[in-house]
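Structural overview
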Amino acid sequence: MDHEGLRHWSKRAADWAADYHAGLRDRPVRAPLVPGAVARQVPGTPPEMAEPMEAIWSDFEAIVPGGMTHWQHPRFFAYFPANAAPASMLAEQLVNAMACNALIWQTSPAATEIEQVMVDWLRQAVGLPDGFVGTIHDSATNATLSAVLTMREKALGWRGLDEGLSGGPILRFYASAETHSSVDKAIRVAGIGQRNLVKVATDADRAMTGAALRAAIAADRAAGLMPAGVILCAGGTSVGAFDRIGECIAVAQAEGLPTHVDAAWAGSAMICPEFRALWAGIEGADSVVFNPHKWLGAQFDCSVQLLRDPGAQVRTLGLRPTYLETAGREEIVNFNEWTVPLGRRFRALKLWFVLRAYGLDGLRTRIRNHVAWAELARVELAALPRVQIVTEPRLSLFSFALDTDAATESLLQRINDDGRIYLTQTRVDGRFAIRVQVGSFDCSKEDVMLIPKTVQEMLASCSFGPLPSR
Ligand SMILES: *Cc1c(COP(=O)(O)O)cnc(C)c1O
């Protein structure tokens, strides 16, 4: 295929995309497949000879869409949706055509400079003070890893980078049990060791408090260990827990410890001023991550990290060998020095398109609707026989269950086999619960109200004993 072929097939792909999105509500949200069903349809050996694009295309249509879980489906209420607004998809097509690698300023000045401006737009949009700057990572996982590595090196006076960790002090990090597994992964990968991530007990509201954090740090100091950093949860994935952000940051500062706040899904809601009380005190954080690829519609991958002082992170992650220097340009920013990978995509263009195409006002309306509709769905679910609300809505996330775990699991399986809506599970104090997370970019109130309607139908038609074995 050559570039003229690309012109032809791109038009066909654009039409396919429009039809695909228009027809999403008619597809089951979750792929109704058994493992191996897709691989069996693809030859086990690579082709020796070039194949016509017609053949490739028709195999795509026959094999792939039916094997997808449709993340852009308006009734995807699982995990947190990875939203792709149409304006974001369009920007990605343009990025795709230019196919740049924005590793340093010189390798694509527009990518670096639009990234700087977009990060500042988002800083203003979520109400962080002047002075925070940042970068765009692929994922919150990598942003949190970057923050943990930076906190580690701060504690070690930047000796770990040269000398390694063996023989050094035992570093301790603090987080609540509500934090995402990406925090555990960062701690492991950074060589801290899982046992040195202290899971501080939470209060009745599933929040780490300043007092609990202070006590954990004091116990470690008394034991001769070296506290190195605090990771705070602003919107846990399980049921939306928020630590007492301001209180914990004040304790960390008094102890001389840096803080990183994981607001991966809930951070986008802070474009609505009325939700900012949930993370009051955030302006004291050293690092904050949130994912526009979740609730703002700038598709995966787009995870923004805002930093009070990027110097510490650049000192930790930045390397500038001669072949990556830009002669005579000392003032430029090379974003690879802020992140773990060297190569980086032009992720800022989709933010530019999305923020302009919908405006902050349009994005706020979506988020406010999702929060309001989640509450309506909770009210209807709570009125159904056997249904118990396990956790109340935190923004647009709540959970519910039936009287036994077996019945709840069986209900969830039936819901997802039915396919009209897609929900996932969590455990709350040991109890199996079904999460409802409203956040799909184009969902309507009717889509959301199909959640209680589906549950009601299933309760009326089945007895929900234990799961049948398969
Ligand atoms: C989704 C999520 C993550 C992980 O995000 P990635 O970008 O997939 O790494 C981390 N923390 C929280 C709270 C999340 O909701």
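I will try to describe carefully the structure that is included in this document. Each chain has its residues counted from 1, running along the sequence as written. At least 70 in pLDDT is required for a residue's local features to be given in this predicted model, at least 80 for side-chain atom pairs to be given and counted, and no such filter applies to totals for whole chains, interfaces and linings, which use all residues. Here the side-chain values reflect all heavy atoms present in the structure, with hydrogen atoms and water set aside.

We now examine the overall build of the protein. The numbering of helices and of strands both runs from the N terminus, where a helix is a DSSP run of H or I of at least 4 residues and a strand a run of E of at least 2. Per the secondary structure count, the protein includes 14 helices and eleven strands. As a reference, a globule follows 2.2 Å times the number of residues to the power 0.38, and the radius of gyration itself is taken over C-alpha atoms. Relative to a compact globule of 470 residues, whose C-alpha radius of gyration would be 23 Å, the protein shows 24 Å and is just as compact. Its C-alpha atoms give the protein principal-axis dimensions of about 60 × 60 × 45 Å. Remark: exposure states derive from per-residue accessible area (1.4 Å probe, protein chains only) relative to the maximum for the residue type, with buried under 20%, exposed over 50%, and partly exposed in between. When each of the 470 residues of the protein is scored for burial, the buried share is 51%.

Take the pattern of salt bridges next. Think of a salt bridge as a Lys or Arg side-chain nitrogen and an Asp or Glu carboxyl oxygen that are within 4 Å of each other. Evaluation of the coordinates by the stated rule reveals 32 salt bridges. Notably, a salt bridge pairs R75 with D447, separated by 3.3 Å at the nearest N-O pair. Here R75, found in the loop between helix 2 (53–63) and helix 3 (86–98), pairs with D447, found in helix 14 (residues 445–461); they are 372 residues apart in sequence, far enough to count as distant. Judged by relative accessible area, which is 10%, R75 ranks as buried. Through salt bridges with shared partners, a single ionic network connects E92, D301, R345, R347 and K350.

Here the focus is the site of the ligand. Throughout, near means a residue has at least one heavy atom within 4 Å of the molecule or strand. Taken together, 13 residues sit near the ligand, with A140, T141, D262, N291 and K294 positioned nearest. A distance of 3.0 Å separates an oxygen atom of the ligand from a polar atom in the side chain of N291. Coverage of the ligand by the protein chains reaches 87% of its 390 Å² of free accessible surface. Classes in brief: Ala, Val, Leu, Ile, Met, Phe, Trp, Tyr, Cys and Pro nonpolar; Asp, Glu, Lys and Arg charged; the others, Gly included, polar. Of the residues belonging to the shell around the ligand, the class tally is three nonpolar, eight polar and two charged. N or O atoms within 3.5 Å of each other form a polar contact, as long as, within protein, one can give a hydrogen and the other can take it, and as long as residues adjacent in sequence are counted only when both atoms are side-chain atoms. In these tables, accessible area is a Shrake-Rupley quantity obtained with a 1.4 Å probe, and a residue counts as shielded only by the protein chains included in the view.

What follows deals with the side chain of T391. Within the secondary structure, T391 sits in strand 8 (residues 388–394). Judged by relative accessible area, T391 falls into the buried class, the value being 9%. One polar contact links T391 to S399, side chain to side chain, over a distance of 2.6 Å. When neighbours within four sequence positions are excluded, T391 is seen to be in contact with R206, V239, F398, S399 and V428. Contacts were defined at the residue level, with two residues in contact if any of their heavy atoms lie within 4.5 Å.

So, on to helix 12 (residues 348–382). Helix length check: helix 12, at 35 residues, gives a terminal C-alpha distance of 42 Å against a target of 51 Å (1.5 Å per residue), a shortfall beyond 12%. In this scheme, the bend at a residue equals the angle between the axes fitted to the seven residues that finish there and the seven that begin there. Maximal helix bending in helix 12 amounts to about 80°, located at G359. Take the number of residues in a helix, subtract one, and multiply by 1.5 Å to get its expected span.

Pairing between sheet strands relies on hydrogen bonds along the backbone, with the strands arranged either parallel or antiparallel. Two strands are counted as paired when DSSP detects at least two bridges linking them. Spatial strand order, 1-7-6-5-4-2-3: seven strands in an open sheet with mixed pairing. The strands lining the two open edges of the sheet, one partner per strand, are strand 1 (133–137) and strand 3 (197–200). The sheet shows a mean angle of 20° between the axes of neighbouring strands, taken without regard to direction. As paired strands, strand 2 (residues 171–176) and strand 3 are joined by four bridges and run parallel to one another. Residue pairing in the sheet places Y174 in a bridge with V198 of strand 3. Axes here refer to lines fitted to C-alpha atoms; in helices the fit is confined to the stretch in contact. Angles between the N-to-C directions go from 0 to 180 degrees. Along the sheet, helix 9 (residues 245–254) makes contact with strand 4 (226–233) and strand 5 (259–262), crossing strand 4 at roughly 165°.

Looking now at the nonpolar core. Working definition of a nonpolar core: buried Ala, Val, Leu, Ile, Met, Phe, Trp, Tyr and Cys residues. They are joined through side-chain atoms within 4.5 Å. The biggest cluster of nonpolar side chains holds 64 residues, and the ones touching the most others in it are Y174 and L395. With eight residues, the single largest contributor to this core is helix 12. In terms of domain composition, this core takes at least three residues from each of domain 2 (101–345) and domain 3 (367–461). Not counting the four nearest positions on each side in its chain, L395 is found in contact with F242, W265, A266, A269, F275, L278, W295 and V371. If you look at the next biggest cluster of nonpolar residues, it comprises 29 residues, including F398, A407, I451 and L459. The start and end points of each domain follow an automatic or database-based domain assignment.

A few words now on unusual backbone geometry. Residues F300 and D301 are joined by a peptide bond in cis, for which omega reads 10°. Among the structural elements, D301 can be located in the loop between helix 10 (292–295) and strand 7 (303–307). In this model, Y79 sits at a positive phi of 40°, which is unusual for a non-glycine residue. Note on placement: Y79 falls in the loop between helix 2 and helix 3.

Here the focus is the packing of aromatic side chains. Two rings from Phe, Tyr or Trp (for Trp, the six-membered ring) form a pair when their centres sit within 6.5 Å of each other. Planes less than 30 degrees apart are called stacked, planes more than 60 degrees apart edge-to-face, and all others tilted. Tallied over the full model, the rule gives 15 aromatic pairs. Ring geometry for W16 versus Y20: centroids 5.0 Å apart, planes at 10°, classification stacked. In this pair, W16 and Y20 are both assigned in helix 1 (residues 3–22), four residues apart and thus about one turn of the helix distant. On the accessibility criterion, Y20 (14% relative accessible area) is buried. A centroid spacing of 5.1 Å and a plane angle of 75° characterise the contact between F335 and W338, whose relative ring orientation is edge-to-face. Three or more aromatic residues joined by ring pairs make a cluster, and in this case those are W9, W16, Y20, W57 and F60. The criterion is that NZ of a Lys, or CZ of an Arg, lies within 6 Å of the ring centre and within 35 degrees of the ring normal, and then a charge sits over that ring. A cation sits over an aromatic face here: R356 above W352, 4.9 Å from the ring centre. Between R366 and the ring centre of F441, over which it is positioned, the NZ or CZ distance is 4.0 Å.

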